[in-house]
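# A look at the structure
Chain by chain, the residues:
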Amino acid sequence: MKNPSILEIKDLSVSIKEEKIINNLNLSIKTGEIHVIMGKNGSGKSTLAKVIAGHPAYKIIQGKIIFNNQDITNEDPEIRSHMGIFLAFQYPIEIPGVSNIDFLRIIYNSKQKAKNQKELDPLSFFELINNKLKEINMDTSFLNRHVNEGFSGGEKKKNEILQMSLLNSKLSILDEIDSGLDVDALKSVAHNINCFANSTNSILIITHYQKLIDYIKPNYVHVMKEGKIIYTGDSDTAAKIEEHGYDHIRNINKSIADLT
Ligand code: ADP
Ligand code: MG
């Protein structure tokens, strides 16, 4: 049997402040798949990620977002999150005054509650999160610090990976999870993503880096331009872009042309 579809974006157009940013975009992701979106700065990648997560600042002009066979086009972000959409931000926010472990327990328990499943007391949660930390090789001292406050770029990204692993969402969207990382940190993040990926979840990764794609071997690599996906290829796409540049990709809405 074919894998069920987890995300279907149909003919989506989105604007902010009267400016159209996403233009008739189509995207289909099945359970168990890893997709990558590449594209020049300003092509609308982060906007797409935020629109899937339900960011209220963006106005949907046209089209539909179907998640797990339900139309979520007008759904609240909190409900989308409870339904199984996780977004790791390009620029993770700092929350001064809130300890990381309290924050993590709140988001975990809120999801458990929404699913009518058991919420965890601080002690049992500590045990759970401690195992997650070990999995991703993160020091326990990060639990008692305020959320992302004073974290280095790499540590903030690792904290996003921790949240992804903790929530174990059906669809995890990682917006430039690799930006600002040194080679070792990049390898480690890629390793963590590979360990997390399985046949029951799906991952959408936004990246500029061929290295991450080489480590992760996604099923599909899409190229976005002016709010549209203009090309879909396999994991070799990144290498071709590296060689030829984004401007080499000209086919729009036609059958997929070979890049070389
Ligand atoms: P990418 O992530 O591909 O670099 P973005 O999705 O961040 O691109 O941005 C796409 C375009 O939308 C850019 O021109 C950006 O200036 C514009 N944009 C995004 N968010 C806003 C906003 N809140 N207000 C005004 N313009 C925005
Ligand atoms: Mg972006």
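Residues numbered from 1 in each chain as written. Chains lettered and ligands numbered in written order. Predicted model: local features only at pLDDT ≥ 70, side-chain atom pairs only at ≥ 80, totals over all residues. Heavy atoms only, no water.

You'll find the protein chain entered in an unreviewed UniProt entry as Iron-sulfur cluster formation ABC transporterATP-binding subunit, with Alsidium seaforthii given as the organism.

## A few points about the overall build of the protein chain
Across its full length, the protein chain carries nine helices and twelve strands. Compactness check: the protein chain gives a C-alpha radius of gyration of 18 Å against a globular reference of 18 Å for 260 residues, within 12% of the reference. Referenced to the eigenvectors of the C-alpha coordinate spread, the extents of the protein chain come out at roughly 55 × 45 × 40 Å. When the 260 residues of the protein chain are sorted by exposure, 48% land in the buried category. At a minimum sequence separation of 6, the contacts of the protein chain that also span at least 24 residues come to 67%. Here the protein chain has roughly 13,100 Å² of accessible surface; of this, 48% comes from carbon and sulfur atoms. (Helix = DSSP H or I, 4+ residues; strand = E, 2+ residues; numbered from the N terminus. Rg over C-alpha atoms; globule rule 2.2 N^0.38 Å. Buried < 20%, exposed > 50% of the residue type's maximum accessible area, 1.4 Å probe, protein only. Contact = heavy atoms within 4.5 Å. Areas by Shrake-Rupley, 256 points an atom, 1.4 Å probe, with all protein chains shown as cover.)

## Focus: the sheet that holds strand 9 (residues 171-175)
Spatially, 6-9-10-3-11-12 is the arrangement adopted by the six strands of the open sheet, whose pairing is mixed. A single partner strand is all that each edge strand has here, and the edge strands are strand 6 (85-88) and strand 12 (228-233). Ignoring strand direction, the axes of neighbouring strands in this sheet form an average angle of 20°. Here strand 6 pairs with strand 9 via four bridges, running parallel. Bridge pairing in strand 9 links F86 to S172. Relative to strand 6, helix 1 (residues 45-53) is tilted by about 145°, and along the sheet it contacts strand 3 (34-38), strand 6, strand 9, strand 10 (202-206) and strand 11 (220-225). Packing against the sheet, helix 6 (residues 153-167) makes contact with strand 6 and strand 9, and its axis sits at approximately 170° to strand 6. (Pairing = 2+ DSSP bridges. Axes fitted to C-alpha atoms, helices over the stretch in contact; angles between N-to-C directions.)

## Describing the packing of helix 3 (residues 100-114) against helix 4 (residues 122-135)
The geometry of helix 3 relative to helix 4 is characterised by a closest axis approach of 11 Å and an angle of 95° between their N-to-C directions. As summarised for this structure, helix 3 and helix 4 are arranged roughly perpendicular, according to the angle between their axes. Taking contact as the criterion, the partners of I101, L104, R105 and Y108 in helix 3 are, on helix 4, P122, F125, F126, L128 and I129. The residue makeup of the contact of helix 3 with helix 4, split by class, is eight nonpolar, no polar and one charged. (Parallel < 35°, antiparallel > 145°, perpendicular 65-115°, else oblique. Nonpolar A, V, L, I, M, F, W, Y, C, P; charged D, E, K, R; others polar.)

## Remarks on the site of ligand 1
The local shell around ligand 1 consists of I16, K17, I21, K40, N41, G42, S43, G44, K45, S46, T47 and Y58. The separation between an oxygen atom of ligand 1 and a polar main-chain atom of G42 is 2.7 Å. Take K45: an N or O atom from its side chain is 2.8 Å from an oxygen atom of ligand 1. Coverage of ligand 1 by the protein amounts to 64% of the 560 Å² it exposes when considered alone. By residue number, the principal contributor to the shell around ligand 1 is helix 1, which donates three residues. For the shell around ligand 1, a count of residues per class yields three nonpolar, six polar and three charged. (Near = heavy atom within 4 Å. Polar contact = N/O pair within 3.5 Å; in protein donor to acceptor, adjacent residues only side chain to side chain.)

## Concerning the packing of aromatic side chains
Taken as a whole and assessed by the stated rule, the structure comprises two aromatic pairs. Between the aromatic rings of Y108 and F125, the centroid separation amounts to 5.7 Å while the plane-to-plane angle is 45°, which identifies the pairing as tilted. Of the two residues, Y108 sits in helix 3 while F125 sits in helix 4, which places them 17 residues apart along the sequence. Taken individually, Y108 and F125 each receive the classification buried, so the pair is uniform in this respect. Ring geometry for F142 versus F151: centroids 5.1 Å apart, planes at 70°, classification edge-to-face. In this structure, F142 and F151 share a single accessibility class: buried. (Phe/Tyr/Trp six-rings, centres within 6.5 Å; stacked < 30°, edge-to-face > 60°.)

## Notes on the pattern of salt bridges
Overall, the coordinates contain one salt bridge when judged by the stated rule. Between E94 and K156 there is a salt bridge; the shortest N-O distance is 3.2 Å. Within this pair, whereas E94 is found in the loop between strand 6 and strand 7 (95-99), its partner K156 is found in helix 6, the two being separated by 62 residues in sequence. (Salt bridge = Lys/Arg side-chain N within 4 Å of Asp/Glu carboxyl O.)

## Some points on the packing of helix 4 against helix 6
For the pair helix 4 and helix 6, the least separation of the axes is 10 Å and the interaxial angle reads 125°. One element, helix 4, and the other, helix 6, form an angle in the oblique class. Considering only the axes of helix 4 and helix 6, their crossing is right-handed. Note on element contacts: helix 6 touches helix 4 through L162, S165 and L166, opposite F125, L128, I129, K132, L133 and E135. For the contact of helix 4 with helix 6, the class distribution of residues is six nonpolar, one polar and two charged. (Left-handed = near helix turned anticlockwise from the far one by under 90°.)

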